[in-house]
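# Per-entry structural report
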2 protein chains.
Amino acid sequence: MKEHYELIINAFRPLEILEAKHLEFLDFWEEVEHPKGSFLTEAGKIERYFYVVIEGVQAVYILTPNGDKKVIGFSFDGSFSGIYDSFLKESGSHYFLEALTDSRLLRMNKAQYDSLFDRYPEFNEWGRVIHQELLIGRVQREVELITMDAKERFDVFMNRCPKKLMTVPQKYLASYLNMTPETFSRMRKQIGGG
Amino acid sequence: MKEHYELIINAFRPLEILEAKHLEFLDFWEEVEHPKGSFLTEAGKIERYFYVVIEGVQAVYILTPNGDKKVIGFSFDGSFSGIYDSFLKESGSHYFLEALTDSRLLRMNKAQYDSLFDRYPEFNEWGRVIHQELLIGRVQREVELITMDAKERFDVFMNRCPKKLMTVPQKYLASYLNMTPETFSRMRKQIGGG
DNA sequence: TCAATTTCTTGATCCAGATCAATTTTTGCC
DNA sequence: GGCAAAAATTGATCTGGATCAAGAAATTGA
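Summarised in this report is the structure supplied together with it. (Residues numbered from 1 in each chain as written. Chains lettered and ligands numbered in written order. Predicted model: local features only at pLDDT ≥ 70, side-chain atom pairs only at ≥ 80, totals over all residues. Heavy atoms only, no water.)

This part takes up the pattern of salt bridges. In the structure shown here, the tally under the stated rule is 22 salt bridges over all chains. Glu42(B) is the partner of Lys45(B) in a salt bridge, and the nearest nitrogen-oxygen pair spans 3.8 Å. Between Asp114(B) and Lys110(B) there is a salt bridge, with its nearest N and O atoms 3.0 Å apart. Note that Asp114(B) and Lys110(B) are positioned in helix H4 (residues 110-119) at a spacing of four residues, about one turn of the helix. In this structure Asp114(B) comes out as partly exposed when scored by relative accessible area, which is 31%. When salt bridges with common partners are traced through the structure, they connect Glu31(A), Glu55(A) and Arg104(A) into a single cluster. (Salt bridge = Lys/Arg side-chain N within 4 Å of Asp/Glu carboxyl O. Helix = DSSP H or I, 4+ residues; strand = E, 2+ residues; numbered from the N terminus. Buried < 20%, exposed > 50% of the residue type's maximum accessible area, 1.4 Å probe, protein only.)

Here you go:
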């Protein structure tokens, strides 16, 4: 796992100091591969892992009764991944987590995750801060979904979307922005325009 | 503040044990009143406080460029309140926090909030867990906004909405459900129906 | 390399829910 | 209680973006 210390340490910012005694935690991680199109978790199953992405793009989505995918979020190089509520509560997931490109990830299981906080209570600070940030980001997205029309959502997204995401089929981006691929395509034609 | 110990302790669940040494924390709180219609924070200002509601209902909303209010959430007896991102980052808020009924709240300022974690690192566990729960709740709401039509959102909301919220004008509930008061009224006519 | 499959684009139509307009009902206040 | 202001209802109309349909472009894989 030594080769990925840097990645893990970066992912775990803003936990400023990973002290010597934390190095044990670095060995919790197990490396896994997921080819494009494979599922890390599916609706109905329990999410067993908490991930850090080494490489690749993954999408979390929910399947509506009429069968369309609604993308909730993406993960990619350096970010966390997993179906968080299912993982924490060890209850059935409503979501799919799919590799959109060939992916390599690091993962730890729930027992390891729990022991992290038991053994090193100072990780709770990391947990508190990281969850604050995730929460603020989610509220931000919610506000954008509620207050902006399709064109505005498209523009805002395009201006700050990580390049990495541009490699996935547009229909996933469209879904994330809560619009159809047709609408997404039409918005694309008028970049910068009204 | 003694009279409100119970309230605070309940609000801070799941921090199971407030030990003797934490009793100092109970005295951080200051009681304030906000009459109906008054603002606890306004857009452009910095949120200086973190609140626990003793009594009353408050709404967080954003004002769109065309001037309509979009309600993001409510707080009421026993829950936390405040404009969280502004409070944490000490940066200008985009939101309004308005008392929808005469309200009494307990509040602490940012310095006190920070000192909580400095002095009693074990509060970080509370922080981590409470933010996990808030995050999961937000994602749940986001999924409902994205996947459900107006009638479904109305039904789901009505089935689990705290009675306390039924005392506020319907236009706020309508806005929270991302629909107009007219639509809300029409949904109301067909409770239980198709 | 080239056929099969998937994705993207473009145009035509449709509809849930917004907007506009007019009452009616409720609330608050003296 | 009674009157003004705010909120809720109801009906008529409008529209952003969905849906449907068909073809063009890109990707995949043998």
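Glancing now at the relation of the copies chain B and chain A. Superposing chain B onto chain A requires a rotation of 180 degrees together with a translation of 0.0 Å along the rotation axis, leaving an RMSD of 0.0 Å. The relationship between the two copies is best expressed as a two-fold rotation axis. Across chain B, the rotation axis passes nearest the C-alpha of Arg128(B), at a separation of 1.9 Å. An overlap of 100% is found between the interface residues of chain B and their copies at the interface of chain A, pointing to a shared contact surface. (Least-squares fit on C-alpha atoms with pLDDT ≥ 70 in both. Contact = heavy atoms within 4.5 Å.)

Here we come to the protein's contact with DNA strand C. With respect to spatial proximity, 17 residues lie near DNA strand C, and among them Gln170(A), Lys171(A), Lys189(A), Ala150(B) and Thr183(B) are the closest. Here DNA strand C approaches the protein such that, of its atoms within 4 Å, sugar and phosphate make up 69%. Between a phosphate oxygen of DNA strand C and a side-chain N or O atom of Ser185(A), the distance comes to 3.0 Å. Ala150(B) places a polar main-chain atom, nitrogen or oxygen, 2.8 Å from a phosphate oxygen of DNA strand C. Secondary-structure elements contributing two or more residues to the surface near DNA strand C are helix H7 (170-176) and helix H8 (181-189) of chain A together with helix H8 (181-189) of chain B. At five residues, H8(A) tops the list of elements feeding residues into the surface near DNA strand C. Of the residues contributing to the surface near DNA strand C, the split by class is three nonpolar, five polar and nine charged. (Near = heavy atom within 4 Å. Polar contact = N/O pair within 3.5 Å; in protein donor to acceptor, adjacent residues only side chain to side chain. Nonpolar A, V, L, I, M, F, W, Y, C, P; charged D, E, K, R; others polar.)

The next thing to look at is the protein's contact with DNA strand D. Looking at DNA strand D, there are 17 residues lining it, with Lys36(A), Thr183(A), Gln170(B), Lys171(B) and Lys189(B) nearest. When atoms of DNA strand D within 4 Å of the protein are split into backbone and base, the sugar-phosphate part holds 70%. Arg186(A) is positioned with one of its side-chain polar atoms (N or O) 3.2 Å from a base oxygen of DNA strand D. Gln170(B) has a polar backbone atom sitting 2.6 Å from a phosphate oxygen of DNA strand D. Secondary structure elements with two or more residues in the surface near DNA strand D: H8 of chain A together with helix H7 (170-176) and H8 of chain B. With five residues, H8(B) is the single largest residue contributor to the surface near DNA strand D. Residues of the surface near DNA strand D, tallied by class, amount to three nonpolar, five polar and nine charged.

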